[in-house]
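# A closer look at the structure
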Amino acid sequence: MSLAIPSTTLLKGARLQMTRGARGTVASRRVAVRVNAISADRGSESKIQVGVRHSMRVTRLRDIVEVSPDLWGPTESSTVPNKKATRGDGLTQATIFKELLLASKHFRLYSQKIHGDGDVYGVRFLMGSPRMEGLDDVFRVTRCVAERDEGLMNLVPDSSGMMVAEIMFPLAMPLDNTIEDLSSLVRAIETQIIEESTVCLMEKGSDDRSVFHGERRLNKYFTGMYARAPDLLHRGTCTSSSPTPGALEASKEMLHRLWDGEESADVVLIDEVRARVEELFCGGNGRAVVHPSGTDAETMPLLQAVLASRALARRVPESDRPTDFRDGIQRGNVISLVACAGEVGSGTTEAAEGRFFSKAVPLGGNRVDMGQELPALHDLAAMESVELVARGGDTDVGRGKSDYDAIVEAKAREALASDPAAVVVLHTVAGSKTGLVMPSPAVADTLTAEFGERVVSVLDACQMRHHPDLIPRWLNDQGPILMTSSKFFGGPSFGSAVFFPHRVVDTMNDQLAEESPATVAAIAEACASYLTHHDIGDVLPKLHDAMPPGFCNSGVLLRWAAGLHEMETLNETTEANGGIANTEKHVRAWVQAMRDEAQKFSPHLEYVPAVDYEGDWQLGGVNTIIAVRLRSGPDDDFFSTADLKKVYALMTADLTEFISPESTMAERRVASQKCLTGQPVDIPGGSVLRTVLGAAQLKDLVSGKQPLDQMIEDDHVLLSKLALIARQYDYLLSHSL
């Protein structure tokens, strides 16, 4: 992106256009006063006068250091030639530009340098908006903005070798009105700084799945925080997404509000996110705790189970408990049953038993070991996860095990019988990575009716591919819900929340009140790697008060702003176009057309039949995930998960230069299309790749922006590219792509 200012005057050597606005800004008028004062005081050998002010802000939550935008280093050579400064000369332009930077919160002024014979003035500065987490972020923003408009500004080393941006004055063109034209220049640079700062902050506060690399700042899923490219065919909302342009603008708007809201902004904005999410989904039946991802959101149902088990331990005679729990400290005992293991988040098993599932944690900047226990939590309760794989064998590969309900129920009963204070966290998955709904809701109904508070009945709705009635119904009838903004809705990865029924919130608050301050502090310590007190809010006040003070997780806030944009615009589009019934018709039409399309590419591509569920378990009553297997030829084995990960990467690239020389023009057109699918999933019979319906596509269908036949043409290209890669897989891998 260039520094584009609407204008008729072109700066040579830089992608910058400038014009004068109808009237000067307050900042520019203030600058005029200061510049006039400087000019009046200047003698024949005067020096540029600058105020040097320093400020630093450090928070308790993280080592966030905000360098004041008013920091101004000494001039390296400040003698001004003995000549009268006229409007448009280098000295006046540099002085005005410096004062404009001082008036902006997006620059970190550094120094000034006089070049040559004293008629060229360089202003050196760093760029980065408020809330940057240290100088590394400021350097990154500075480099990105400077490199995009090389010619206007350049990166130069200071005396210590640190790279700073420099603009040389006078500019290579006449200025009609120096202050107004330079104000336009600063506003144009600010626009890029704000975008780069927004992207930088959106990357924060997540785990090691959100490590970004390269100029395009992509993670291992080939998504990032820049707006998704318009030439990308995005069908990967079951895995990860970059924001749409509208969603990124929503994040920028939220960031402006964070800057403008001063000390109260963190509380107000996270509370607003919570309220908007609750209004969209809960139907008045629950409250939300905001989380960085659906995997670490497992912490909240686990906490509910720990509190419930400890409450039971205080009531149950110690002699009735297993020997390991007869130590007089009334430890809890929690067993988490992970349903659809292998088809839910890869770190679910670790997270569900209070262990780190990533080497990086969202808050604190700490590095941890995979599987390491969360601090203090295991002193309060024993924790165990049991993985229950839903599929088995090669027959009827689209469906789960026929006796899966019985397996899950038997494991739950076994765990509950082992200890009268044991609590089971039972997961019901409302859409696995391939769309399975397992175990059936009858298992949760049976167990909660019989065991009550000893069963924490969790709905894993992270894919969010269900009817809107499901969440309020589950909150009314069962327990907590894991949800995300970053799967079906296509918000940037990742954003999540846990919904709790009101009765569960009341019970947890009562149980927290029964615990000692030291125990509540231990729980807060366990949560502090994932949550700030802002994320908890007034849902659990005692826990909120025990959490470390500090800023909100700005990355979560900005990613949620983007996700809410997708959620609310889909809701608005649905209401404006015939309601949910009409939207579901479009869903069914796309799914049926895609299932038909996916069966046209045999033998290289094999469609894996999906399972549809009645009721509110799926939007439109159909599975919006299309799973396919790939192979090079009819007698070849299907590709492994490792192979499909390479295919996943190849799909994101223009392969025109790498396919076989014998390829047809039609194949070359297909090869040029960049596509994002869902990542592979290992299931019996062979791993699958997925292409899915997401909220952005659905909005286009419902609003009429893109008719179904045109969308299916796009999807045909995606399937054609999958088949092409399968046919030429060995040839493609012979290149270093």
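Predicted model, so just to flag it, every value in this text is computed and none were measured. (Residues numbered from 1 in each chain as written. Predicted model: local features only at pLDDT ≥ 70, side-chain atom pairs only at ≥ 80, totals over all residues. Heavy atoms only, no water.)

### Looking at the packing of aromatic side chains
One pass over the full model with this rule turns up 12 aromatic pairs. Geometrically, the ring pair formed by phenylalanine 357 and tyrosine 530 is stacked, given 6.1 Å between the ring centres and 20° between the ring planes. Linking phenylalanine 357 in the loop between helix H8 (348–352) and helix H9 (377–380) with tyrosine 530 in the loop between helix H14 (517–527) and helix H15 (533–536), this pair joins segments that are 173 residues apart in sequence. Judged on exposure class, the residue phenylalanine 357 and its partner tyrosine 530 are both buried. Members of the aromatic cluster, joined through ring pairs, are Phe97, Phe107, Phe125 and Phe169. Here arginine 209 stacks its cationic end above the ring of phenylalanine 494, 4.4 Å away from the centre of that ring. One cation-aromatic arrangement involves arginine 629 over phenylalanine 638; the distance from NZ or CZ to the ring centre is 5.8 Å. (Phe/Tyr/Trp six-rings, centres within 6.5 Å; stacked < 30°, edge-to-face > 60°. Helix = DSSP H or I, 4+ residues; strand = E, 2+ residues; numbered from the N terminus. Buried < 20%, exposed > 50% of the residue type's maximum accessible area, 1.4 Å probe, protein only. Lys NZ or Arg CZ within 6 Å of the ring centre and 35° of its normal.)

### With respect to the packing of helix H17 (residues 554–576) against helix H21 (residues 695–703)
With their axes 10 Å apart at the nearest point, H17 and H21 run at an angle of 20° to one another. Judged by the inter-axis angle, H17 sits roughly parallel to H21. For the element pair H17 and H21, the recorded crossing hand is left-handed. Residues Glu566, Thr569, Leu570 and Thr573 of H17 form the contact with H21, whose own contacting residues are Ala695, Leu698, Lys699, Val702 and Ser703. Residues that form the contact of H17 with H21 fall into these classes: four nonpolar, three polar and two charged. (Axes fitted to C-alpha atoms, helices over the stretch in contact; angles between N-to-C directions. Parallel < 35°, antiparallel > 145°, perpendicular 65-115°, else oblique. Left-handed = near helix turned anticlockwise from the far one by under 90°. Contact = heavy atoms within 4.5 Å. Nonpolar A, V, L, I, M, F, W, Y, C, P; charged D, E, K, R; others polar.)

### Examining the sheet that holds strand E23 (residues 688–692)
Spatially, E19-E20-E23-E22 is the arrangement adopted by the four strands of the open sheet, whose pairing is antiparallel. Across the chains shown, the open sheet's two edge strands, defined by having one partner strand only, are strand E19 (605–608) and strand E22 (678–681). Strand-to-strand twist of the sheet, defined as the mean angle between neighbouring strand axes without regard to direction, takes the value 35°. Note that E19 and strand E20 (residues 625–630) share four bridges and pair antiparallel. The residue of E20 that forms the bridge with tyrosine 607 is valine 628. Contacts from helix H18 (residues 579–598) reach E19, E20 and E23, with the element oriented near 10° to E20. (Pairing = 2+ DSSP bridges.)

### So, the pairing of strand E18 (residues 496–501)
With respect to burial, E18 is a largely interior element, six of its six residues being buried. Burial along E18 is two-sided: Ser496, Val498 and Phe500 facing one way and Ala497, Phe499 and Pro501 facing the other are all buried. Bridge analysis of strand E11 (residues 286–291) against E18 gives six bridges, and the strand direction is antiparallel. Looking across to E18, one finds that arginine 287 is bridged to phenylalanine 500.

### Quick word on helix H4 (residues 178–202)
Along its 25 residues, H4 runs 36 Å from first to last C-alpha, staying within 8% of the 36 Å computed at 1.5 Å per residue. Summarising burial for H4: 23 of the 25 residues are buried, a large majority. (Expected span 1.5 Å × (residues − 1).)

### Some words on the sheet that holds strand E8 (residues 154–157)
In spatial order, the strands read E6-E7-E9-E8; together these four strands make up an open sheet with antiparallel pairing. Two strands lie at the open edges of the sheet, namely strand E6 (107–115) and E8, each paired on one side alone. Strand-to-strand twist in this sheet, taken as the mean axis angle between neighbours without regard to direction, amounts to 40°. Note: E8 against strand E9 (residues 163–169), four bridges, orientation antiparallel. Bridge pairing links proline 157 to methionine 163 in E9. Strands E6, strand E7 (120–127) and E9 of the sheet are contacted by helix H2 (residues 90–102), whose axis makes an angle of about 15° with E7. Here H4 sits on the sheet and contacts E6, E7 and E9; the angle it forms with E6, its principal contact strand, is near 130°.

### Topic: the environment of aspartate 636
Relative to the elements of secondary structure, aspartate 636 occurs in the loop between E20 and helix H19 (641–651). Residue classification places aspartate 636 among the partly exposed positions, given a relative accessible area of 38%. Residues aspartate 636 and proline 603, 33 residues apart in the sequence, show an inter-C-alpha distance of 9.6 Å. A distance of 2.9 Å separates the side chain of aspartate 636 from the backbone nitrogen of glycine 633, its partner in a polar contact. (Polar contact = N/O pair within 3.5 Å; in protein donor to acceptor, adjacent residues only side chain to side chain.)

### Here's the deal with the pattern of salt bridges
On inspection of all chains with the given rule, the structure shows 35 salt bridges. Put simply, aspartate 260 and lysine 105 hold a salt bridge, and the shortest N to O gap is 3.1 Å. Remark: lysine 105 occurs in the loop between H2 and E6 and aspartate 260 occurs in helix H5 (residues 245–260); sequence separation between them is 155 residues. On the basis of relative accessible area, lysine 105 is assigned to the partly exposed category, the value being 30%. (Salt bridge = Lys/Arg side-chain N within 4 Å of Asp/Glu carboxyl O.)

### Side note on the packing of H5 against helix H6 (residues 265–281)
Contact geometry of H5 with H6 gives a least axis separation of 8 Å together with a crossing angle of 145°. H6 is crossed by H5, and the crossing has right-handed handedness. Residue-level inspection shows Met254, Arg257 and Leu258 of H5 in contact with H6, the latter providing Ala265, Asp266, Leu269, Glu272, Val273 and Arg276. Among the residues making up the contact of H5 with H6, the classes are represented as five nonpolar, no polar and four charged.

### Some remarks on the confidence of the model for the chain
Here the chain shows a mean pLDDT of 87. Residues at 70 or above account for 87%. Low confidence marks residues 1–75, where pLDDT is under 50. Its contacts with residues over four positions away, or in another chain, come to 174 contacts. In this model, residues 77–87 is a region of pLDDT below 50 whose contacts with residues beyond four sequence positions or in other chains number 26 contacts. (pLDDT = per-residue confidence, 0-100.)

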